[in-house]
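Chain by chain, the residues run as shown.
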Amino acid sequence: MIEVMEGGFFTTVQDSGRFGYRHAGVPVGGAMDAWAYRLANALVGNHGDEAVLEATMAGPTIRFHAETVIAICGGEFSCALNGQPLALWKPAAVKPGDVLEIGACRVGWRAYMAVAGGIDVSPVMGSRSTYVPAQLGGVSGRPLRRGDVLKIGTAALIFPSKPLHWGLSRLASRYIGGKTKTVRAVPGPEYGEFTPDSRTQLFAAFYEVTPQSDRIGYRLSGPTLALVREREMVSEAVVFGTVQVPSSGQPIVLMADSQTTGGYPRIAQVAAVDLPLLAQARPGDRIQFRPIAPEEAVQLYIEQQRRLDRWIAAIRRQWGENSEND
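Residues numbered from 1 in each chain as written. Predicted model: local features only at pLDDT ≥ 70, side-chain atom pairs only at ≥ 80, totals over all residues. Heavy atoms only, no water.

## A few points about the overall build of the protein
Looking only at helices and strands, one finds five helices and 18 strands in the protein. A compact globule built from 326 residues should have a C-alpha radius of gyration of about 20 Å, and the protein, at 20 Å, falls within 12% of that. Taking the principal axes of its C-alpha atoms as reference, the protein extends roughly 70 × 35 × 35 Å. In the protein, of all internal contacts separated by at least 6 residues, the share reaching a separation of at least 24 is 77%. When the accessible area of the protein is evaluated, it comes to approximately 14500 Å², of which 52% is carbon and sulfur surface. (Helix = DSSP H or I, 4+ residues; strand = E, 2+ residues; numbered from the N terminus. Rg over C-alpha atoms; globule rule 2.2 N^0.38 Å. Contact = heavy atoms within 4.5 Å. Areas by Shrake-Rupley, 256 points an atom, 1.4 Å probe, with all protein chains shown as cover.)

Here it is as structure tokens:
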């Protein structure tokens, strides 16, 4: 099992999400950065949908009470195992009594710690993900805190006795980016109801991520967006990546834990291919939206998933080769 010595800033248990309950107002949720989540699971030999720890800004300090394999992917966090620097984006063996410290994030905003067998908390509505607004899933529906004890599930593969050397660190910088992130988006259902200047500004200006941002939504600061004429809207469906514009004219990008419907006009929808990049944006980062056709957005997402599947398949082959050679 895992003992939480310090919970970090905002650390929760997350998996791929809670599907099939949007009609009841429960969002899919799950890991904000699905790219890092899936690779972290692959690096420890998991099937792919096991629960992990998602750390925001500054991670937890935990003690292991079992021999296992871990991997940390996502933003560039300072990590140490028993006081010694620990590399991200590659598997590491841990022993009973080992202490892992996931410190402050230097680049990006979120990290994912996977453990062989996954974090074994009770599923709620088919998912182990933590949905804090409704106190669902994870550990009593809340972030981790000192004294929590987490069980580890049964590992999918036998741990190789030989060192696990492969890693993916060079891939990280290519998607986390710098302080300015270009995010592709398609026009939303109400895009045509905004003034021509607003439509131009959306894709020409820079918008800053404000501190009033979380897993529910990113509040952005930049040029004001305005409708041609104000009107009352009936609540309509919204999803991860929907860009809404409230009466203030400052856009909000809805994130994994957002509500399932909203009454603000939807000026754009972030392309699914760029949601992992968006998940790693931190307060103070600048977002520049770039227009993209729906057909191109779909094709780019398909290509991204194919690349991800190839990387995961290559990692699994290496797990198999190490196990066979033991």
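## Some details on helix H3 (residues 196-204)
Counting along an α-helix, one turn takes 3.6 residues, and residues three or four places apart therefore face a common direction. Looking at H3, one finds that the buried residues are Ser-198, Leu-202 and Phe-203. Down the axis of H3, the smallest arc covering the buried residues is 125°, so these residues share one side. The outward face of H3, more than 90 degrees from its buried face, is lined by the exposed residues Pro-196, Asp-197 and Thr-200. Looking at the packing, one finds that the buried side of H3 touches strand E10 (180-187), strand E11 (207-209), strand E17 (266-270) and strand E18 (286-291). (Buried < 20%, exposed > 50% of the residue type's maximum accessible area, 1.4 Å probe, protein only. Arc of directions from axis to C-beta.)

## Here we look at the packing of aromatic side chains
For any pair of aromatic rings, the description consists of the separation of the ring centres together with the inter-plane angle of the planes. The full count for this structure, using the stated rule, is four aromatic pairs. Through pairs of rings, three or more aromatic residues link up here, namely Trp-35, Trp-89 and Trp-311. Cation over ring: Arg-199 sits above Tyr-191, and NZ or CZ is 5.8 Å from the ring centre. Just above the ring of Phe-206 sits the side chain of Arg-286; from NZ or CZ to the centre is 4.0 Å. (Phe/Tyr/Trp six-rings, centres within 6.5 Å; stacked < 30°, edge-to-face > 60°. Lys NZ or Arg CZ within 6 Å of the ring centre and 35° of its normal.)

## Some remarks on the pattern of salt bridges
Evaluated as defined, the whole model comprises 13 salt bridges. With its nearest N and O atoms 3.5 Å apart, the salt bridge here joins Arg-128 to Asp-120. Of the residues examined, Asp-120 reaches a relative accessible area of 34% and is grouped as partly exposed. Taking the shortest distance from any N to any O, the salt bridge between Asp-285 and Lys-181 comes out at 3.8 Å. Here Lys-181 lies in strand E10 and Asp-285 lies in the loop between helix H4 (275-279) and E18, a separation of 104 residues in the sequence. Residue Asp-285 shares its accessibility class with Lys-181, and that shared class is buried. When salt bridges with common partners are traced through the structure, they connect Glu-54, Arg-215 and Asp-257 into a single cluster. (Salt bridge = Lys/Arg side-chain N within 4 Å of Asp/Glu carboxyl O.)

## Examining helix H1 (residues 34-43)
Along H1, eight of the ten residues are buried, which leaves the element largely enclosed by surrounding structure. For H1, the full list of buried residues reads Trp-35, Ala-36, Tyr-37, Leu-39, Ala-40, Asn-41, Ala-42 and Leu-43. Looking at where H1 begins, the residue whose side-chain oxygen comes 3.1 Å from the main-chain nitrogen of Trp-35 is Asp-33. (Polar contact = N/O pair within 3.5 Å; in protein donor to acceptor, adjacent residues only side chain to side chain.)

## Quick look at the sheet that holds E10
Spatially, the seven strands close up into a barrel ordered E10-E17-E14-E15-E12-E11-E18, and their pairing is mixed. Within this sheet the neighbouring strands show an average axis-to-axis angle of 40°, counted without direction. Here three bridges tie E10 to E17, and the two strands are oriented antiparallel to one another. Along E17, the bridge assignment pairs Pro-187 with Ala-268. (Pairing = 2+ DSSP bridges. Axes fitted to C-alpha atoms, helices over the stretch in contact; angles between N-to-C directions.)

## With respect to the pairing of strand E8 (residues 99-115)
Where burial is concerned, most of E8 is hidden: twelve out of the 17 residues are buried. Alignment of strand E3 (residues 52-56) against E8, held across four bridges, turns out to be antiparallel. What sits directly across from Ala-55, in E8, is Ala-111. As paired strands, strand E4 (residues 61-64) and E8 are joined by three bridges and run antiparallel to one another. In the strand pairing of E8, Arg-63 is matched with Val-99. Here strand E5 (residues 68-81) runs beside E8; their pairing, made up of ten bridges, is antiparallel. From the neighbouring strand, Ile-72 faces E8, where its bridge partner is Met-113.

## Things to note about the pairing of strand E2 (residues 10-14)
Within E2, four of the five residues are buried, which leaves the element mostly enclosed by the surrounding structure. Sheet topology places E2 next to E3; five bridges connect them, and they run antiparallel. Bridge assignment links Gln-14 to a residue of E3, and that residue is Val-52.

## Description of unusual backbone geometry
Even without glycine at this site, Met-57 takes up a positive phi of about 70°. For Met-57, the location among the structural elements is in the loop between E3 and E4. You will see that Asn-82, though not glycine, has its phi angle at about 55°, which is positive. If you trace the backbone, Asn-82 turns up in the loop between E5 and strand E6 (84-85). You can call Asn-82 partly exposed: its relative accessible area is 41%.

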